[in-house]
Every structure is written in C-alpha cells, then in structure tokens.
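# Summary of the model geometry
Here is how the chains run, residue by residue.
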Amino acid sequence: MVTTAAQTDRAIKRLTTQTSHIAADTTVIRSLDWDRDRFDIEFGLQNGTTYNSFVVRGEKTALVDTSHEKFRQLYLDALHKVVDPASLDYLIVSHTEPDHSGLVADILKLAPQVTVVGSKVALQFLEDLVHQPFEKIIVKNADKLDLGNGHLLEFVMAPNLHWPDTIFTYDAKTSILFTCDAFGLHYCSEDTFDTDLDAIAPDFRFYYECLMAPNARSVLSAMKRMDELPAVELIATGHGPLLSHHVKVLTQNYREWSQAKAKAEATVAVFYVSDYGYSDRLSQAISRGITKTEVAVEMMDLKSAEPQEIGELASRVQGLVLCAPPSSGTVGTAAKAALGTLLAAVKAKQTIGLFEAYGGDDEPIDPLVNQFRDLGLTLGFEPIRIKAAPTDLTYQLCEEAGTDLGQFLIRDRKIKAQKSIDSDLQKALGRLSGGLYIITAKKGDVTGAMLASWVSQASFEPLGFTVAVAKDRAIESLMQVGDRFVLNTLEEGKHLGLMKHFLKRFLPGADRFAGVKTQTALNGSPILTDALAYMECEVVSRMECSDHWLVYSQVTAGRVSNPEGLTAVHHRKVGNYY
C-alpha cells in the first residue's frame, strides 16, 4: 500500500491518496478527502469521503473512473506510479458525475489514444464536458470487453444509481463488480476494505437513504441484472471502503430496503434536468424528504428520458415534482418537448410541486403552476424559487417541502390506519405517559426543533437516554450518529407556551425559533431560556423501529434552572397518536 499526502494541517482540508493491490492485475487508487463535511445533495457527513479509481491490466489495460478535480495533481502522480497513461487502452466511465469524471479531460490529454467506454447517455454527456473528440465504445447491458489474460469485462446497465447514465462493470477473472456510487458510503479511513461493519453501518444506511432510496425501483432492476452474473466476490465502490468481508450482508440490505420502499402505496415522480443549474442536488433533497414519509420516488431526467417513459411514469403516479427546465438552447428545446409530453399525461387530482434550478435560464415558474392547476392538479408545496446559489437552508427547505408533499399524499391512509386499531388496545397503550421535552439542534446554518414525549433514560455509565423520532420529522436529518443536540425539559405549569409553539405546523424552511428566547449551548444548539432544564447530547446509535428511529444519545453537559420545578407530564388517552 502506498499513501501520499497534501495539506496535512488539520486547519486545512486534508487530501491524500492511497494505492493498493486488491486482486489479480487490479489496483485501486483511493483519493481520501478526510475533512469534507458536505457532499452532493448537501446532507451532512461526519466521516469525510473517498473517490475510488481502478486500474485493471490484461493484455490491454483499462482505467475505471477517475477522481474529483480537487485531487488533480495528487491523483495524476499516483496514477503515474501505477501505470503509464500512454499505455492505457480503455477508460471506463461508470457515470459522468464530476466527482468520478472530473479528470477525464486530463486523462485524454495524457492518453489521446485511449478509447472511452460508457453508456450512450454517458458519452453524450461527456462530449459536452470535455469539448474534444475521442475514441469511444457505447455499451449496452450484457455487452462484453475482453482485456485478455482472463479479464473479460461484462457491463450492467444501472440507470439512476444515482445518475441516468450509470453502468456497472464485472470482471470475470477476479469476480469484482465495479459499481461507482451504488453500494458505496461516505466514509474515509485507511482501511481499503469493509473490515469493521459496525463502524461503517450507519454511514452505509445514511448514504442509501440519501442517494439510493429515491431510486429504489432502479436499485431492484440493477440487482436483478446483477443476479444474472457469476458470483460477486468484491464490490469496488466509487466511495468509501471496498466491500469484501460483508458483500452478502450489505447487498441484502440494499435489496430489502428497496423492496420495502417499492411496496409503498403512493409514488411521486421527480423530473429534473441533469447538469442544469442545481437541478440534480435540489431534486435529490426533495426526494429525500418524500421518502422519509414512506412514499416511493422515481426520478427521471428530462434531458435523456424518452417521451414514452415520461408519459408512462407521469400517468401512473399520485404525485409529481418538476424542475423548471431551461427556456432556450439545445437542452431547453428537448426539455420543452418533454414538458409537453408531461402536460399531456398528467391527470386531475394528482399532486404536484415545482422548483427552480438557478440555472440562469429557468422557464418562468408561475405560468407552469397555472398550467398544472388548470389541468386539475393540486399543489403539494408552494413553488420553490431559487434566486441565489443554494445554501444549507435551501436544501433544508427542499427536504421539508418533499416531506410535506409525501405526508399530504398518505394522510387519508394514516387516518384510516389509526381508526382500525382496536379501541380497547388504543386506550390501554395510551396509559403509557411521558415527560414533555423540546429537542433543539443545529448543524451548520440548519436548525430544527421537535416536541418529544417518548424519552427514557437508558444508561448510567455513560449517562444516556433514548428518544423515539418519527421517520418523517424534519429534525431526523439532524440526529444522525455523531450529531449533537439539546434536550430541553419543560416545567409543569409553565409549559403551555412552548408546547403550543412547537406543536405548530411550520412551513418548509421556516425558522422554528422565531419569537422564542434562546441561548447557545457549548455544542452550538439552541437552549430554550424558559425550559426547566437542559442537557447537551451526542447521538451514539440508532435503531429502526417501524415508523420511528429509536435514538440513543449520551449526555455531555446540563443544568437545571429551577431545582424545585417538576417536569411537565403528557397524559394520553389513546396509543395510536402522540
């Protein structure tokens, strides 16, 4: 294993590279971004990330993916130590997202003889990115490329994981499946492989929920094609450790999670325009919010989708989300044609949400809203207008808007389910009482708050407790493993004001703390000045419990404002609601 580094001062973002021999004639070049705390759809990372690239040598040599442009010199230096770029025969582009294809143009300059291999959509996108001619091979599902010496590569089409142009590559000699984003995780460590399952499991699930859950049906389609391959011994992911020790467990997780989401009673189609403004990231944030409500999402790129695909999807879903497409240019022309197909396919009583991409040439959003309203569609959230480069707060607004839309679609089913529970059982369960608390959290510029009563001490050493958080709560995104928050205890006889305030239904992106007196905790989260007591906490672990996450946290600090005060208690009458 060889490691090189730059910027080792922790005050500066650390970037390093690592090269390792992982199988016969196969080397990984890992670009390690140790300190990155935001990625792609702007969901918080705790453990950095990696960008993985691979060299496979047979009689001919293939490079599978490159790296992020921030690693340009480090990556190219590492590559030169592994292989002379002038000897490369093929460059396999798993997809054209910049973190994996950011150095393709550099490779083409160093290796003008190389043949670029990818899906039809990927090569079309790449031509727009590199602005130079290159040799290319378009591959379809089950196509093969023989490198010699037993390295027969077979390609698997895997669109929407998580870009529309994605392919997997299987090497028959080493039983390695190169999957790019799929089965990856944002986790940076010196371990090349998935040695410690417990350590990576939370990040593996979080990555799935952010990037793959909105494409659960595409995950299942890709896995069905994977099932037709010989045994996969190692999954060479584009991010995080390579999967070797726990391939069966982690792939089964993907299958089960995706099957559960695909069974959802309601589905929302999210239409975006790849590589236009912030359409990709904003659509992912909205999709993340929708999937938190157990509503399925199917994402479709208006830039590359066929008209019949758009029409079929739009006609069978209960809700739609649409990015305002560009109004001119080649992409604008294609997107407008797709929009026409969409307008012809939608039905009255469907629910729709619209957002701008801040692409500089967005189609005016108000006429689009009126067109869909005239066709009988209902707005699931107010149009999201993007007038500047998105911030953390923008992505919070988008996620919460998606959650609002999902909750709207399943509201009738939830009411029916609540009424179906045996009345005696409801009343018996309702006798479980709890205190009243407000959870407050801050991560970057994003804040959140939630009224909670399902709180219970869980350990003495260290001091810890559990709190149940519904999966569709906005604050759930701020309570991942490693996140910090404050638990504010409400005082009996003085709790009604705060309780009523935080019981309100807030609009997406609204400031939960407007009009509320707060102080700042050591961990950066708000403390409610009028609370009886507060505790500063850090999330240690999470357990999935049907429609809630049971979050176990350790207490790191705390104070009581009134030693004589008593905790407010919440008495319920039924057990199927808070």
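Here, the structure is the one placed above.
The following paragraphs examine the structure supplied in this document. (Residues numbered from 1 in each chain as written. Predicted model: local features only at pLDDT ≥ 70, side-chain atom pairs only at ≥ 80, totals over all residues. Heavy atoms only, no water.)

### Quick word on helix 11 (residues 365-374)
When we look at burial in helix 11, the residues that qualify are I365, L368, V369 and F372. Angular distribution of buried residues about the axis of helix 11 spans 100°; they occupy a single face of the element. A positive backbone phi angle near 95° is found at G376, which sits one or two residues after helix 11. (Buried < 20%, exposed > 50% of the residue type's maximum accessible area, 1.4 Å probe, protein only. Helix = DSSP H or I, 4+ residues; strand = E, 2+ residues; numbered from the N terminus. Arc of directions from axis to C-beta.)

### A few points about the nonpolar core
One finds F271, L320, V321, L342, L354 and F372 to be the most contacted residues of the largest nonpolar core, which totals 52 residues. In terms of residue count, the dominant contributor to this core is helix 12 (residues 392-420) (six residues). Apart from the residues within four sequence positions on either side, F271 is in contact with M300, L302, I310, L313, A314, L320, V321, L322, C323, L342 and F355. Residues Y170, C210, L229 and W257 belong to the second largest nonpolar core, which totals 31 residues. (Core = buried A, V, L, I, M, F, W, Y, C linked by side-chain atoms within 4.5 Å. Contact = heavy atoms within 4.5 Å.)

### Concerning the pairing of strand 19 (residues 351-355)
Counting buried positions along strand 19 yields five of five residues, so the element is predominantly enclosed. Here strand 19 shows no split at all, with T351, G353 and F355 on one side and I352 and L354 on the other all buried. A crossover connection joins strand 18 (residues 319-323) to the parallel strand 19 through helix 10 (residues 329-345); in handedness this β-α-β unit is right-handed. Looking at chain direction, strand 19 and strand 20 (residues 378-379) are connected through two bridges and run parallel. (Right-handed = clockwise from strand over helix to strand, strands pointing away. Pairing = 2+ DSSP bridges.)

### Quick notes on the environment of P526
With respect to the helices, strands and loops of the structure, P526 is situated in strand 28 (residues 526-528). Under the relative-accessibility criterion, P526 is labelled buried at 11%. Spatially, the C-alpha atoms of P526 and G340 are 47 Å apart, while their sequence positions differ by 186 residues. Setting aside anything within four residues of it in sequence, one finds P526 in contact with T440, A441, K442, V486, N488, F513, T518 and Q519.

### A look at the pattern of salt bridges
By the definition in use, this model includes 26 salt bridges. Measuring nitrogen to oxygen at the nearest pair gives 2.8 Å for the salt bridge that ties D33 to K70. Here D33, found in strand 3 (residues 26-33), pairs with K70, found in the loop between strand 7 (61-64) and helix 1 (72-82); they are 37 residues apart in sequence, far enough to count as distant. Given a relative accessible area of 35%, K70 falls into the partly exposed group. Put simply, E399 and K292 hold a salt bridge, and the shortest N to O gap is 3.0 Å. Of this pair, E399 sits in helix 12 while K292 sits in the loop between helix 8 (279-291) and strand 17 (296-301), and the two are 107 residues apart along the sequence. In this structure K292 comes out as buried when scored by relative accessible area, which is 6%. Put simply, R205, E209, K261, K471 and E544 are held in one network by salt bridges that share partners. (Salt bridge = Lys/Arg side-chain N within 4 Å of Asp/Glu carboxyl O.)

### Concerning a negative patch on the surface
There is a patch of like negative charges on the surface, built from E190, D191, D196 and D198. The residue D196 is located in the loop between strand 14 (176-180) and helix 5 (197-212) in this model. A residue is classified by how much of its surface remains accessible, and D196, at 41% relative accessible area, is partly exposed. (Patch = residues over 30% accessible without salt bridge, like charges linked within 9 Å, V, L, I, M, F, W, Y side chains within 5 Å. Areas by Shrake-Rupley, 256 points an atom, 1.4 Å probe, with all protein chains shown as cover. Lys, Arg positive; Asp, Glu negative; His and termini not counted. Charge placed at Lys NZ, Arg CZ, Asp CG, Glu CD.)

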